[in-house]
Amino acid sequence: MIKIALCIKQVPDTTDIKWTEHNTIQREGVESVINPYDVYATEFALKIKSQAPDTYITVFTMGPEQAKDMLRKVLALGCDDAVLISDKKFAGSDTWATGLTISKSIEKIMPDFDLVVCGQFATDGDTAQTGVIIANFLNIPHVTFVKELTEFSEKALIVTRQMEDGIEKVRVNLPALVCIMKSDFEPKRALINGIIEADRKEIKTLTINDIGLKPEQTGIKGSPTFVKRAFRNLPSHNAQKYFLDPTESAKLLEEKLTSLGVIKNA
Amino acid sequence: MPNQEYSGILIYAQLTREHYIHTVFYELLDKAKELSKKLGGVDVSAVVMLKKGLIEKYKESFQNMGVNKVFYFEDDVLDEYSAEYYSKLLTQLAQKITPEILLIGATNQGRDLAPKVAAKLHTGLTADCTELDINDDGQLAATSPTFGGQLMATILCKNYPQMATVRPNVFKVRTTDSYTDTEFICCPTDLAGIEKNTQLIEFTKTIENTINDLDTAEIIVAGGKGLKNEKGFELLNEFAKSIGATTAASRSAVEMGLAPQSIQIGQTGKTVRPKVYIACAISGAVQHTVGMSGSEYIIAINTDKDAPIFDIADTGIVGDFFEIIPEFLKNRH
Ligand SMILES: Cc1cc2nc3c(=O)[nH]c(=O)nc-3n(C[C@H](O)[C@H](O)[C@H](O)COP(=O)(O)OP(=O)(O)OC[C@H]3O[C@@H](n4cnc5c(N)ncnc54)[C@H](O)[C@@H]3O)c2cc1C
């Protein structure tokens, strides 16, 4: 039996950001969605379960009470258990503090885990760090940029990794952590009885006391980094739009490329 | 406040699979020299991990680049990257030489390594920075994009060393080489107690060169989903060829199987900053523009006059790629 800790996160829908007149992000009324890479992570965990049905998947998320909605959706897809890591004292955690907090939660709930599965990126900011930090605090190896699951047993996993110059096939001994970059399967739809069951399941909540962290180890106090300033990234190019027929457009393109020194006049 | 015990800038020099020093190192070095000036001329050092006997091959390069000190670990077990080994050694070194800043290229290897080192050193890491500066208090001010590039955050770090990663092609190399009498320091490869639990079984190369053509391309022609099919990309390639450009693609085009992932531009692809970027049938989603908005001049061709790509383009041509480009090519022949 393989025990999987699946770590997912709710993020604001970054394709639909609205700005206040002071160029700050408008937080109210912004839809929260499951981080797209965590959908891949979920699929990865469920793929193992579909091949080894006695696999047990516990989903972990660190966030506010509302994140329970997301946990229920993931439970409905076939995960077994869900844990919400939530405490005011966790607020403002950077990736270091988040990694520590999640690793402590996994140790508390699932000390005999075999595999931790995370998404490779989160779309709202922290870029590709948390998974590796969790692995470090759990003292287990990690594999990042995972593309496909090739083979698995209770002792090891064989996966492919998408690198800049090609594909690596890697074997990792369990327990281990994997960060999923992409899956090749269509996201699963929740089964109706899955949804009903998921609604009945109790979602555990872990607070700072439950995982034995001190206030200075997590949240703003426990974070080595802090945001000094945030500002909107405004486009610096002056858009000039031309509405011309194809011949004129082609001529314009030729003129621009000539004046930029890309081509010489034919 | 800066911590007096920590001084100097250390840069991780990644070697590519073909054993070249990765181009991102040159970019980081150039930026580090600028930061060093602002810090009153502190040392700029490099750390490199390699197979036994290989350091000789790189000595001249490091000297010509003007690196003050090179710390090297030489051991056959280091020939192949391992997060477990490399993070252990890099952590040991950082604890010993206590740099105030530690920079790592945000390549896939760098992104695999840097967070583990930051966790071990109990320090902060700002990833994928687009700007690095020294503030009035002498601290590293690292700016990185969040929310898919729409919001920029300048981040400070309370602990030391202050760590940051930067993607390839974000910084330009401006300074010419400046020969220095580099000091080479051999560090003991002490891997006691470290088990290697990951093993590379096989590697399948999918692109010709690790140094992707897009990294150095001055002119890039990129195609999106609006090119519809292979025919569209054939036309794109023909267009690119006629003006001496390199081709790139949006993620949607990659997902449709029209182009390989290695030429995808954007948040989950490459960052480029050519002289001219021509976006063809690309809508201009932030996840795409975050990878190309640093281009010097942007031309967009799109049928939709309201496509967001026009907001960041210098010249926007509202029209059909399949009508304009054949016309353009006709004139060139
Ligand atoms: C987490 C995450 C990461 C992502 N990472 C990336 C990334 O790294 N890179 C990336 O590119 N995207 C990325 N995306 C996807 C991104 O959000 C967009 O979906 C994608 O960039 C759209 O690609 P496109 O512009 O080619 O396609 P579309 O948005 O479908 O645009 C096609 C455009 O073609 C135009 N068009 C159609 N026919 C013609 C014609 N005949 N002539 C001229 N114009 C025509 C249309 O008007 C339209 O504007 C990411 C998304 C997420 C959620």
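Criteria and thresholds
- Residues numbered from 1 in each chain as written.
- Chains lettered and ligands numbered in written order.
- Predicted model: local features only at pLDDT ≥ 70, side-chain atom pairs only at ≥ 80, totals over all residues.
- Heavy atoms only, no water.
- Helix = DSSP H or I, 4+ residues; strand = E, 2+ residues; numbered from the N terminus.
- Rg over C-alpha atoms; globule rule 2.2 N^0.38 Å.
- Buried < 20%, exposed > 50% of the residue type's maximum accessible area, 1.4 Å probe, protein only.
- Contact = heavy atoms within 4.5 Å.
- Areas by Shrake-Rupley, 256 points an atom, 1.4 Å probe, with all protein chains shown as cover.
- Lys, Arg positive; Asp, Glu negative; His and termini not counted.
- Charge placed at Lys NZ, Arg CZ, Asp CG, Glu CD.
- Pairing = 2+ DSSP bridges.
- Axes fitted to C-alpha atoms, helices over the stretch in contact; angles between N-to-C directions.
- Expected span 1.5 Å × (residues − 1).
- Arc of directions from axis to C-beta.
- Buried area = accessible area lost by both parts, 1.4 Å probe.
- Salt bridge = Lys/Arg side-chain N within 4 Å of Asp/Glu carboxyl O.
- Polar contact = N/O pair within 3.5 Å; in protein donor to acceptor, adjacent residues only side chain to side chain.
- Nonpolar A, V, L, I, M, F, W, Y, C, P; charged D, E, K, R; others polar.
- Domains from an automatic or database assignment.
- Near = heavy atom within 4 Å.

Student: Would you mind going over the overall build of chain B in detail, with residue names and values included?
Tutor: Regarding its fold elements, chain B presents 10 helices and 16 strands. For 333 residues, the compact-globule estimate of 2.2 N^0.38 gives 20 Å, and the C-alpha radius of gyration of chain B, at 22 Å, lies within 12% of that figure. When its C-alpha atoms are laid out on the principal axes, chain B stretches across 65 × 45 × 35 Å. Per-residue burial over chain B gives 60% buried out of 333 residues. For chain B, long-range pairs separated by at least 24 residues make up 67% of all intrachain contacts whose partners lie at least 6 apart in sequence. On chain B, roughly 13200 Å² of surface is accessible, and the fraction owed to carbon and sulfur atoms is 47%. Computed over 32 positive and 43 negative side-chain charges, the inter-centroid distance for chain B is 1 Å.

Student: Outline the sheet that holds strand β7 (residues 142–152) of chain A, listing residues and values.
Tutor: Read across the open sheet, the 10 strands follow the order β11(A)-β5(A)-β4(A)-β1(A)-β6(A)-β10(A)-β7(A)-β8(A)-β9(A)-β11(B); overall the sheet is mixed. The strands lining the two open edges of the sheet, one partner per strand, are β11 (204–206) of chain A together with β11 (198–205) of chain B. Sheet twist, expressed as the mean angle between neighbouring strand axes with direction ignored, is 30°. Across 5 bridges, the pairing between strand β1 (residues 3–7) of chain A and strand β4 (residues 56–62) of chain A is parallel. Residue pairing across strands places Leu6(A) opposite Val59(A), the latter belonging to β4(A).

Student: Please give an account of helix α6 (residues 230–242) of chain B that cites residues and values.
Tutor: For α6(B), spanning 13 residues, the distance from its first C-alpha to its last is 18 Å, which sits close to the expected 18 Å at 1.5 Å a residue. Inspection of α6(B) places Gly232(B), Phe233(B), Leu235(B), Leu236(B), Phe239(B) and Ala240(B) among the buried residues, and these make up the whole buried set. The arc that holds the buried residues of α6(B), viewed along the axis, is 155°, so those residues lie on one side. In α6(B), the exposed positions that point more than 90 degrees away from the buried face belong to Glu230(B), Lys231(B), Glu234(B) and Lys241(B). Next to the buried residues of α6(B) lie α7 (246–259) of chain A together with β12 (219–223), β13 (246–249), α7 (251–255), β14 (276–280) and α10 (321–332) of chain B.

Student: Can you explain the interface of chain B and chain A? Please cite residues and give values.
Tutor: In this complex, chain B contributes 84 residues to the contact, which on the side of chain A involves 79 residues. Summed over both partners, the interface of chain B with chain A buries about 7100 Å², with 59% contributed by carbon and sulfur atoms. Its largest share of buried area at the contact with chain A, chain B owes to Asn108(B), Phe147(B) and Gln150(B), together 10% of the area lost on that side. The interface formed by chain B and chain A holds 3 salt bridges in total. Note that Asp112(B) and Arg161(A) form a salt bridge whose closest N and O atoms lie 3.6 Å from each other. Linking chain B with chain A are 27 residue pairs in polar contact (both at pLDDT 80 or more). The biggest single contributor to the side of chain B that touches chain A is helix α4 (residues 108–121) of chain B, with 9 residues. Taken together, the residues that form the side of chain B that touches chain A break down as 34 nonpolar, 31 polar and 19 charged.

Student: Please provide a residue-by-residue account of the domain arrangement of chain B, values included.
Tutor: Residues and elements named next belong to chain B. By domain assignment, chain B separates into domain 1 (9–186) and domain 2 (207–332). On a C-alpha basis, the centroid separation for the pair domain 1 and domain 2 is 31 Å. Domain 1 puts 11 residues into the contact, and the matching count from domain 2 is 14 residues. A buried area of about 1100 Å², summed over both sides, lies between domain 1 and domain 2, and 46% of it is on carbon and sulfur atoms. Of all residues in domain 1, Gly148, Arg167 and Asn169 give up the largest surface area on contact with domain 2, accounting jointly for 47% of the area buried on that side.

Student: Let's hear about the site of the ligand: which residues, and what values?
Tutor: Residues and elements named next belong to chain B. Not every one of the 28 residues close to the ligand is listed here, only the nearest: Lys225, Ser250, Ile265, Ser283 and Asn302. Within the contact set of the ligand, an oxygen atom lies 2.8 Å away from a side-chain nitrogen or oxygen of glutamine 264. At 2.7 Å from a nitrogen atom of the ligand is found a main-chain nitrogen or oxygen belonging to isoleucine 265. Look at the ligand: alone it shows 980 Å² of surface, and the protein chains cover 83% of it. At the level of secondary structure, the elements contributing two or more residues to the shell around the ligand comprise α7, α8 (286–289) and α10. A per-class count over the shell around the ligand returns 7 nonpolar, 16 polar and 5 charged.

Student: I'd like a description of the pattern of salt bridges, backed by residues and values.
Tutor: Within this structure, the stated rule accounts for 23 salt bridges over all chains. Glu107(A) is the salt-bridge partner of Lys104(A), the closest N and O atoms lying 3.9 Å from each other. With Lys104(A) and Glu107(A) both in helix α3 (residues 95–109), this residue pair falls 3 residues apart, about one helical turn. Using a relative accessible area of 34% as the deciding quantity, one classes Glu107(A) as partly exposed. Ionic pairing is found between Lys59(B) and Glu56(B), a salt bridge with its closest N-O pair at 3.1 Å. Residue Lys59(B) and its partner Glu56(B) are located together in helix α2 (residues 55–65), separated by 3 residues, close to a single helical turn.

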